[in-house]
Each structure stands twice: as structure tokens, then as C-alpha cells.
Amino acid sequence: MPSIDLHSHSTASDGLLTPSALVARAVAQGVAVLALTDHDDTGGLAEAMAAATGTPLTLVAGAELSATYETHTIHVVGLHIDPTNEALQQGLRTIREGRDRRAHRIAAALAEAGIPDAYAGARKYVTSERLISRSHFARYLVEQGRAKNTREVFKRYLTAGKPGYVAHAWASVPQAVGWIHAAGGQAVLAHPGRYAVTATGMRGLLAEFRDAGGDAIEVVSPSHTAAQYEEYAGYARVFGLLASAGSDYHGPGEGALDLGGLPPLPAGATAVWSAW
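About the criteria used
Residues numbered from 1 in each chain as written. Predicted model: local features only at pLDDT ≥ 70, side-chain atom pairs only at ≥ 80, totals over all residues. Heavy atoms only, no water. Helix = DSSP H or I, 4+ residues; strand = E, 2+ residues; numbered from the N terminus. Rg over C-alpha atoms; globule rule 2.2 N^0.38 Å. Buried < 20%, exposed > 50% of the residue type's maximum accessible area, 1.4 Å probe, protein only. Contact = heavy atoms within 4.5 Å. Areas by Shrake-Rupley, 256 points an atom, 1.4 Å probe, with all protein chains shown as cover. Axes fitted to C-alpha atoms, helices over the stretch in contact; angles between N-to-C directions. Parallel < 35°, antiparallel > 145°, perpendicular 65-115°, else oblique. Left-handed = near helix turned anticlockwise from the far one by under 90°. Nonpolar A, V, L, I, M, F, W, Y, C, P; charged D, E, K, R; others polar. Expected span 1.5 Å × (residues − 1). 1 Å grid on protein atoms, 1.4 Å probe; cavity = no way out; pocket = protein on both sides within 12 Å on 5 of 7 lines; lining within 4 Å. Points joined across faces, edges and corners; volume = space filled by probe spheres on them. Salt bridge = Lys/Arg side-chain N within 4 Å of Asp/Glu carboxyl O. Phe/Tyr/Trp six-rings, centres within 6.5 Å; stacked < 30°, edge-to-face > 60°.

A look at the overall build of the chain
Argument step 1. In terms of regular secondary structure, the chain is built from 9 helices and 8 strands.
Argument step 2. Relative to a compact globule of 276 residues, whose C-alpha radius of gyration would be 19 Å, the chain shows 18 Å and is just as compact.
Argument step 3. Seen through its principal axes, the chain has C-alpha atoms that stretch 50 × 45 × 40 Å.
Argument step 4. Looking at the chain as a whole, 53% of its 276 residues qualify as buried.
Argument step 5. Taking as baseline every contact in the chain between residues at least 6 positions apart, the subset at least 24 positions apart corresponds to 71%.
Argument step 6. When the accessible surface of the chain is summed, it comes to about 11,100 Å², and 53% of that surface belongs to carbon and sulfur atoms.

Comments concerning the packing of helix H1 (residues 19-28) against helix H2 (residues 45-52)
Argument step 1. Running from N to C, H1 and H2 point in directions that differ by 40°, and their axes come no closer than 8 Å. Here H1 is positioned oblique relative to H2, judged by the angle of their axes. Every pair of crossing elements has a handedness; the one defined by H1 and H2 is right-handed. From H1, Pro19, Ser20 and Val23 reach across to H2, where they touch Glu47, Ala48, Ala51 and Ala52.
Argument step 2. Across the contact of H1 with H2, the residue classes tally to 5 nonpolar, 1 polar and 1 charged.

A look at helix H9 (residues 226-238)
Argument step 1. Compared with an ideal rise of 1.5 Å per residue, which puts 13 residues at 18 Å, H9 spans 19 Å between its outermost C-alpha atoms and is within 8% of the ideal.
Argument step 2. By the burial criterion, the buried members of H9 are Gln228, Tyr229, Tyr232, Ala233, Gly234, Tyr235 and Ala236.
Argument step 3. Each element contacted by the buried residues of H9 is listed here: helix H8 (199-211), strand S7 (216-220) and strand S8 (242-245).

Quick notes on unusual backbone geometry
Argument step 1. Although it is not a glycine, His191 adopts a positive phi angle of roughly 25°.
Argument step 2. Within the chain, Asp248 stands out as a residue other than glycine whose phi angle is a positive 55°.
Argument step 3. Tracing the backbone through its elements, the reader meets Asp248 in the segment after S8.
Argument step 4. Judged by relative accessible area, which is 11%, Asp248 ranks as buried.

Considering the layout of surface pockets
Argument step 1. Of the pockets and cavities examined, the largest pocket occupies roughly 1,200 Å³.
Argument step 2. When residues of the lining of the largest pocket are traced back to their parent elements, those giving at least two are strand S3 (58-69), strand S4 (72-79), helix H3 (86-112), helix H5 (134-143) and helix H6 (150-158).
Argument step 3. Ranked by the residues each element gives to the lining of the largest pocket, the list is headed by H6, at 5 residues.
Argument step 4. Residues belonging to the lining of the largest pocket are distributed by class as follows: 14 nonpolar, 19 polar and 11 charged.

Some thoughts on the pattern of salt bridges
Argument step 1. In the structure shown here, the tally under the stated rule is 10 salt bridges.
Argument step 2. Here Arg96 makes a salt bridge to Asp41, at a shortest N to O gap of 3.8 Å. Of this pair, Arg96 sits in helix H3 while Asp41 sits in the loop between strand S2 (31-36) and H2; the two residues are 55 residues apart in sequence, bridging distant segments of the chain.
Argument step 3. Among the residues examined, Arg96 registers a relative accessible area of 9% and is labelled buried.

Thoughts on the packing of aromatic side chains
Argument step 1. Summed over the entire model, instances satisfying the criterion amount to 2 aromatic pairs.
Argument step 2. Considering the side-chain rings of Tyr232 and Tyr235, the 5.5 Å spacing of their centres and the 40° angle between planes classify their relative orientation as tilted. Pair noted here: Tyr232 and Tyr235 are both in helix H9, with a separation of 3 residues, about one helical turn.
Argument step 3. Residue Tyr232 is classed as buried on the basis of its relative accessible area of 5%.
Argument step 4. Classification of Tyr235 as buried rests on a relative accessible area of 14%.
Argument step 5. Centroid distance Tyr235 to Phe239: 6.4 Å. Interplanar angle 45°. Geometry classified as tilted.
Argument step 6. Counting every residue linked through ring pairs, the aromatic cluster contains Tyr232, Tyr235 and Phe239.

Let's talk about the environment of Gly251
Argument step 1. Relative to the elements of secondary structure, Gly251 occurs in the segment after S8.
Argument step 2. Linking Gly251 and Gly15, residues 236 residues apart in sequence, is a C-alpha distance of 5.9 Å.

It is worth stressing that arrangement in space is one thing and function is another; only the former is reported here.
Structure representation (C-alpha cells):
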């Protein structure tokens, strides 16, 4: 099966590589189909599309939307979207405005924990003036010697119950799915194994996502163990959803998987790309 990776990030959000450099790396890694799915922004797609022209790579236009399920922040990936769709763009603008408000609250929480000037520090790592994320704070905290890498920063400072975590209300699940569908795309629940919900809570999330018109769930993800690949493939079958796969690649040295390093979907899973 050709290498397919439907979740990646560039400097248009919180990735380390420009869209064109990301495409070049994907080609070098033997990826046949790549989705650029920057957080809450489509600003890198035109550059990525141009870079993919004339290469063996098929680029899928995407975005990763921040949403809220109950008290949990979740992510919904849109695939094969029309980035010119105004409903989608208005939704993304609303989410980005919320991101900036959250960033100031994160900085205030970190200041209370004895880490001053975190907002200015995070802004040094922002590569798109339209978006600031927790990854930018994480890179700053690594620079300050607070942790050895960004993954450790998230565990120590930026997840629920930690000093730099702040709750935030994003788009609702139906809103996120609706914006993606308005842009002609497919809605994929990203890395479900990352969300701190019970088994009952996961079934509730999947039911809400399905009932909102969701199309697929990310079965293969670096956030999942091999056993969870099978678990979420089973959930996909039970809830009538397709299966996706993505490395959630942010750049060299960040994350557990490189582009092109994904294992295949479990047997019996119906791939989100099966009808493409």
C-alpha cells in the first residue's frame, strides 16, 4: 500500500518546517499522499500545493479544528476542504481569536507558577502571526531549561491539572463538523486516544461526533499504542465511521513518528481514502 499520511503541520501553525519544506521532506520519505492540516488555519495550503506540483506526492488540503466536547478540548481534522469557503474561514477566524485569549491566560498561569514573560517568550517561536499555540509555549519552556523536550513540557505544565493549563471553550463538535462539510470536506476525529475520557465518555464522544455528521476517526496515530489501533478500528466499525491515519508531524525532533513512518490500518478497517 502506498504511504498515506493525513495529519501534518507547517509553520502556518505550529510546525517547524515551511509548507514547501514539509512537502520536500514527505517526498524524500516516500509519502504518496500527504494532508497538510495546520491548526485552525489554511494559510500554508497554497505554498504546499505549489511545492507538490510536479512531484510524485498528492497533497490533500486540510485543517485541524479545535473543538470542545463537554469539558474536553478535542481536534477535528478536515480533509479535502475548499480553503476558499467563507463559512469555514469565518469559523477558523473565530477559533484563532480564542487562541490568543487563551495564550494570555496561559502566560498568567505560568507567571503564578514562577515562570515570568512566557507570552513574549512563546511569541518568539510563532511563525504565523495569525496563530499562537501551546507548542510555542512548550518550545520556550524548553529554551528556559524547564524540561528537556516539548513532550515533557506538556506533561509537566500544559495538560489538565498542571500549572500552565487553562480551560477554554472552543467550537462545538457540530460547528466544527459543519464548517468542514460546508467546505466540501470529510471530518475526522483526531487522535481519540489522547483524550482523558472514560470508556463511557469515549462512546459518548463518538456518538456525538457521528450524530453531528462526522465521517472518520484517526485509528493509526503516534498518540495510540498498537493495541489501540485495533481498539479504535473496532470503534469505527461500531459507530459506522471510516478509519484514518496520520503522523501528527510537527517537525524534526518533535513527535514519535516521522513522515512516512505510519504502520498500515488494522485488517477490516475501511479507510477514509477508500472512495477517493
